[in-house]
Amino acid sequence: MKFGFNNISVPGRVSSLLVFLFTTVLVVSAQAQNLSQPQLERIGRRIWQNECAGTVEGLTSWNKGEYFASLGIGHFIWYPAGVQGPFEESFPPLVRWLQQTGAPVPPWLLKTPDCPWTSREAFEQDRNSPRQKELRNLLARTVAQQTQFIIHRLAAATPKFKAAAGKAAPHVERNLALLQQSAAGNFALIDYVNFKGEGLNPKERYNGQGWGLLQVLIEMRPTDADGAPAAFSEASKRVLTRRVQNAPAERKEQRWLEGWKNRCEGYKSA
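Residues numbered from 1 in each chain as written. Predicted model: local features only at pLDDT ≥ 70, side-chain atom pairs only at ≥ 80, totals over all residues. Heavy atoms only, no water.

S.K.: Could you give an account of the overall build of the protein, naming the residues involved and the relevant values?
M.R.: Of the regular secondary structure elements, the protein holds 12 helices and 3 strands. Classification of the 270 residues of the protein by burial places 53% in the buried group. For the protein, the share of sequence-separated contacts (at least 6 apart) that also reach a separation of at least 24 residues comes to 64%. When the accessible surface of the protein is totalled, it reaches about 12100 Å², and 52% of it is carbon and sulfur. (Helix = DSSP H or I, 4+ residues; strand = E, 2+ residues; numbered from the N terminus. Buried < 20%, exposed > 50% of the residue type's maximum accessible area, 1.4 Å probe, protein only. Contact = heavy atoms within 4.5 Å. Areas by Shrake-Rupley, 256 points an atom, 1.4 Å probe, with all protein chains shown as cover.)

S.K.: Report on the sheet that holds strand E3 (residues 76–78), specifying residues and quantitative values.
M.R.: Read from one edge of the open sheet, 3 strands run E1-E2-E3, paired in antiparallel fashion. A strand with exactly one partner marks an edge of an open sheet, and here the two such strands are strand E1 (60–61) and E3. (Pairing = 2+ DSSP bridges.)

S.K.: Residue-level account of the environment of Phe91, with values.
M.R.: Assignment of secondary structure puts Phe91 in helix H3 (residues 91–100). When the C-alpha positions of Phe91 and Gly72 are compared, they lie 8.4 Å apart, and in sequence the two are 19 residues distant. Other than its neighbours up to four places away in sequence, Phe91 contacts Leu71, Phe76, Ile77, Trp78, Leu109, Leu135 and Leu139.

S.K.: Explain helix H9 (residues 183–196) residue by residue, including any values.
M.R.: Taking 1.5 Å as the rise per residue, H9 with 14 residues should run 20 Å; its terminal C-alpha atoms sit 20 Å apart, in good agreement. Most of H9 is tucked away, with 13 of its 14 residues classed as buried. Where H9 terminates, the next one or two residues include Gly197, which has phi positive at roughly 85°. (Expected span 1.5 Å × (residues − 1).)

S.K.: A description of the packing of H9 against helix H11 (residues 228–246) should follow, citing residues and the corresponding values.
M.R.: Two elements in contact, H9 and H11, have axes separated by 9 Å at closest approach and are oriented at 20°. Here H11 runs roughly parallel to H9, going by the angle between their axes. Judged by the twist between their axes, the crossing of H9 over H11 is left-handed. Judged by residue contacts, Ala184, Gly185, Ala188, Leu189, Tyr192, Phe195 and Lys196 of H9 engage Pro229, Phe232, Ser236, Val239, Leu240 and Arg243 from H11. (Axes fitted to C-alpha atoms, helices over the stretch in contact; angles between N-to-C directions. Parallel < 35°, antiparallel > 145°, perpendicular 65-115°, else oblique. Left-handed = near helix turned anticlockwise from the far one by under 90°.)

S.K.: Lay out the side chain of Ser129 in plain terms, naming residues and giving numbers.
M.R.: Within the secondary structure layout, Ser129 lies in the loop between helix H5 (120–125) and helix H6 (130–141). In terms of polar contacts, Ser129 uses its side chain to reach the backbone carbonyl oxygen of Asp126, at 2.7 Å. (Polar contact = N/O pair within 3.5 Å; in protein donor to acceptor, adjacent residues only side chain to side chain.)

S.K.: Just give me the short version of the pattern of salt bridges, but keep the residues and values in it.
M.R.: Any two side chains of opposite charge can pair, on the condition that their charged atoms come close. On inspection of all chains with the given rule, the structure shows 18 salt bridges. Between Glu253 and Arg243 there is a salt bridge, with its nearest N and O atoms 2.8 Å apart. Residue Glu253 is located in the loop between H11 and helix H12 (254–265), and its partner Arg243 is located in helix H11; the two are separated by 10 residues in the primary sequence. Residue Glu253 shares its accessibility class with Arg243, and that shared class is buried. For Glu265, the salt bridge identified is with Lys268, shortest N-O distance 3.2 Å. For Glu265, a relative accessible area of 35% gives the class partly exposed. By relative accessible area, Lys268 is classed as partly exposed at 34%. When salt bridges that share partners are traced, they join Glu57, Glu124, Arg127 and Arg136 into one network. (Salt bridge = Lys/Arg side-chain N within 4 Å of Asp/Glu carboxyl O.)

S.K.: Describe the packing of aromatic side chains, naming the residues involved and giving the relevant values.
M.R.: Per the stated rule, a full pass over the model turns up 17 aromatic pairs. Aromatic pair Phe68 and Phe87: ring centres 6.1 Å apart, planes at 80°, arrangement edge-to-face. On the criterion of sequence distance, the pair formed by Phe68 in the loop between E1 and strand E2 (69–71) and Phe87 in the loop between E3 and H3 is long-range, its members being 19 residues apart. Its relative accessible area of 10% is what places Phe87 among the buried residues. Judged by centre distance (6.2 Å) and plane angle (65°), the ring pair of Phe87 and Trp211 falls under edge-to-face. Of this pair, Phe87 sits in the loop between E3 and H3 while Trp211 sits in the loop between H9 and helix H10 (213–219), placing them 124 residues apart in sequence. Both residues of the pair, Phe87 and Trp211, belong to the buried class. (Phe/Tyr/Trp six-rings, centres within 6.5 Å; stacked < 30°, edge-to-face > 60°.)

S.K.: Explain the layout of surface pockets to me, using residue names and the numbers behind them.
M.R.: In this structure, the largest pocket spans a volume of roughly 600 Å³. For the largest pocket, the lining is made up of 26 residues, of which Glu51, His75, Ile77, Phe195 and Lys196 are closest to its centre. Listed by contribution, the elements that provide at least two residues to the lining of the largest pocket are helix H2 (37–52), E3, H9 and H12. Sorting elements by how many residues they give to the lining of the largest pocket places H12 first, with 4 residues. Along the lines of polarity and charge, the residues of the lining of the largest pocket split into 8 nonpolar, 9 polar and 9 charged. Along the wall of the second largest pocket there are 13 residues; nearest its centre are Glu88, Pro93, Phe149, Arg153 and Glu198. When residues of the lining of the second largest pocket are traced back to their parent elements, those giving at least two are H3 and helix H7 (143–165). When residues in the lining of the second largest pocket are grouped by element, the largest group, 6 residues, is from H7. (1 Å grid on protein atoms, 1.4 Å probe; cavity = no way out; pocket = protein on both sides within 12 Å on 5 of 7 lines; lining within 4 Å. Points joined across faces, edges and corners; volume = space filled by probe spheres on them. Nonpolar A, V, L, I, M, F, W, Y, C, P; charged D, E, K, R; others polar.)

In structure tokens:
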């Protein structure tokens, strides 16, 4: 059975489980309730394109100036031992998710809670090692599971937005409802929560201001369902511009802003 992710085949028993998982998402997740299976597959391809240029090589990355590896279609964060950053670590939970879905996770990965590469230099030197090749192969074969993992993350976060938004809760709930009425709006929610997080982690702040999905939903101007994706796009650009303005100078985040804005511009269409 094939799920349409660049013609990557998925073993039969895993395919059956994935059908069940995607069906479950369609039933229980408000974010995905209006999406067909082909739309879900397209979401996975778009996230892969956004984060890794759609390449298998891009599935294992370590960006310049960062202190963690970025892995998978969502560039899930993996910290080396002893490193504690402000960004939520998402790769170990993904590994557990893959194991639960029956994916053939390499034994060494199940025994390695911390990123085994301690620096970008060490990571790049080991790029063609059997271990990294095995990791890329796993990530290339589990695009469907990774997409479902991201959607699950959004579904788990959504009920928490009301409490976190305070007086802005009705505004946030209305914007969520509007976005959920279109494929473009659903994609914007799913991609952004993977891109910059839920906005619920108090550690993910510069000068007390966050840049996650919650902050974008608060920033969104009132609109209707047809205009919601464009309103989300523009709000996300403003939030990310504010993040760069507040970022510590040594992080030099201005270098990424144009690319971030281009990604957010893509939210305007399905």
